[in-house]
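Breakdown of the fold
Here is how the chains run, residue by residue.
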Amino acid sequence: MNRGCVNERLAKVRSLIIAPVLALAVTTCMWGVANAREFSNKSLHGGYGCLTTVGFNGSGSVIQLVFDGKGHITSGVSVGNAFGEVCMATLDPSGSSYTVNPDGTGTLTVQSKTVTAADTDETAICTLVTGASTHYAIVVESGGSRFDLSGLDPFFTGGGFTGTGDIDQVNALKSGACNRQVGG
Amino acid sequence: MISKIPARALIYSALMALALMLGAGGSAQAKFNLSQVGPDYGCLLGSAAGVTIHTQLMQLHTDKKGKIESGTLSYHFDFVDEVCTYTLASGTYTIDGTTGTGNATLTWTFSKDSDGDEKFCTASFPGTTFTENFAFVIENSGKRLDLAMLDPGLSGAAFTGTDPGDFFTFGSCTKQ
């Protein structure tokens, strides 16, 4: 076998190795670009189920919200439990909204409309939150099929929450997650 | 003439597809039903208190028709580090077809203690037999449920008086 033939074969082997490695590199690069997802209000649409709890006391809520993909929340219901006292609420679409930034962070405001007490000893609590708005910071995950949320300060405004400054310390640490009800 | 029929068919097909797409978009909020709950879940619930009162680990089996057919509950009392086990005596659930929210009622019967020093489970809290009431919401087409205790949350056994069963427990169930 002459040297020229050997060199030709080596060149073929090199091209066989280099070509797939290059292809892999290009694919990996494109994959990275493809995953640089940009989020918007469209990222949240349809029904979501949520669980939120307060870290330092016995309060939590199961919530259902419907997003329209345009910054509006069109309907929703919730069951909130504070130390065993339970209020059931419906959402007021006119005072409820959300925003999603390109990086997936955003805000969520949910205003209650009607609030029903489970029995007579939570009437005062339920009256307090009637017409009140709750405010959350959110971050979208899994392409919009889930988002985490954490209470902002002030967490409550309106309803029975009046005054200025820290009017809502008890609820400021409310946090949780919402998952799309269909799919996922 | 022959060439017009396929053209019409194409137009009709396109219009029908568009109508279906619009219909699907219009009913983006899907309807829910009992069959979306089940058949088997693992659940972890607990109190959301700084000093945790309890956690409860459950396995539930539904018939997907509104009945919870079987289940086990491992009740961990974190303030005394004791564990009691219960077996499901009966269970039911409901679903709101529009919102995907519902209620679940679970009645538990004491099964066994862990190492013999959990007599308080049957003597006082939660008792030999007790019932829990939860609100829940369907997520991921029933793969996950989030739960919050209702009022009354607990009934039976030690939960007597004019306003019994004020209790708080929250958590999630994930399809097995």
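The following paragraphs examine the structure supplied in this document. Please read all numbers here as calculations on a predicted model, not as lab measurements. (Residues numbered from 1 in each chain as written. Chains lettered and ligands numbered in written order. Predicted model: local features only at pLDDT ≥ 70, side-chain atom pairs only at ≥ 80, totals over all residues. Heavy atoms only, no water.)

**Observations regarding the interface of chain B and chain A**
Threshold: The criterion used for residue contact is that any of the two residues' heavy atoms lie within 4.5 Å. Put simply, buried area is the surface a 1.4 Å probe can reach on two separate parts but cannot reach once they are joined, added for both. Any pair of N or O atoms that falls within 3.5 Å is considered a polar contact. Within protein, one atom must be able to donate a hydrogen and the other to accept it, and sequence-neighbouring residues count only if both atoms are side-chain atoms. Put simply, DSSP H or I for four residues or longer makes a helix, DSSP E for two residues or longer makes a strand, and each gets a number counted from the N terminus. Only Asp, Glu, Lys and Arg are considered charged in this grouping, and only Ala, Val, Leu, Ile, Met, Phe, Trp, Tyr, Cys and Pro are considered nonpolar; every other residue, Gly among them, is considered polar.
Contact residues are listed per partner, giving 32 residues for chain B and 36 residues for chain A. Together chain B and chain A conceal approximately 2300 Å² of surface at their shared face, both sides included; 56% is due to carbon and sulfur atoms. In this structure, the connection of chain B to chain A is made through twelve residue pairs in polar contact (both at pLDDT 80 or more). Broken down by element, the residue count for the side of chain B that touches chain A peaks at seven residues, all from strand β7 (residues 144–155) of chain B. Looking at the side of chain B that touches chain A, its residues break down into 15 nonpolar, ten polar and seven charged.

**Some thoughts on the packing of aromatic side chains**
Quick reminder of the rule: Note on aromatic pairs: the rings of Phe, Tyr and Trp (six-membered ring only in Trp) are paired at centre separations within 6.5 Å, and the planes decide the class, stacked below 30 degrees, edge-to-face beyond 60, tilted for the rest.
A full pass over the atoms with the stated rule returns 17 aromatic pairs over all chains. Centroid distance Tyr75 of chain B to Phe125 of chain B: 6.4 Å. Interplanar angle 80°. Geometry classified as edge-to-face. Taken together, the residues Tyr75 of chain B in strand β3 (residues 68–77) and Phe125 of chain B in the loop between α2 (120–123) and β6 (129–139) connect sequence positions 50 residues apart. Members of the aromatic cluster, each reached through a chain of ring pairs, are Phe83 of chain A together with Tyr75, Phe77, Tyr86, Phe110, Phe125, Phe130, Phe159, Phe167 and Phe168 of chain B.

**Observations regarding the environment of Val115 of chain A**
All names here are of chain A. As a reminder, the rule being used: A 1.4 Å probe rolled over the protein chains alone gives each residue an accessible area, and that area as a share of the maximum for its type sets the label: buried under 20%, exposed over 50%, partly exposed in between.
With respect to the helices and strands, the residue Val115 is situated in strand β6 (residues 105–117). Exposure remark for Val115: the relative accessible area of 18% places this residue in the buried category. In this view, Val115 contacts Cys87, Met88, Ala89, Cys126, Val129 and Thr130; residues no more than four positions away in its chain are not counted.

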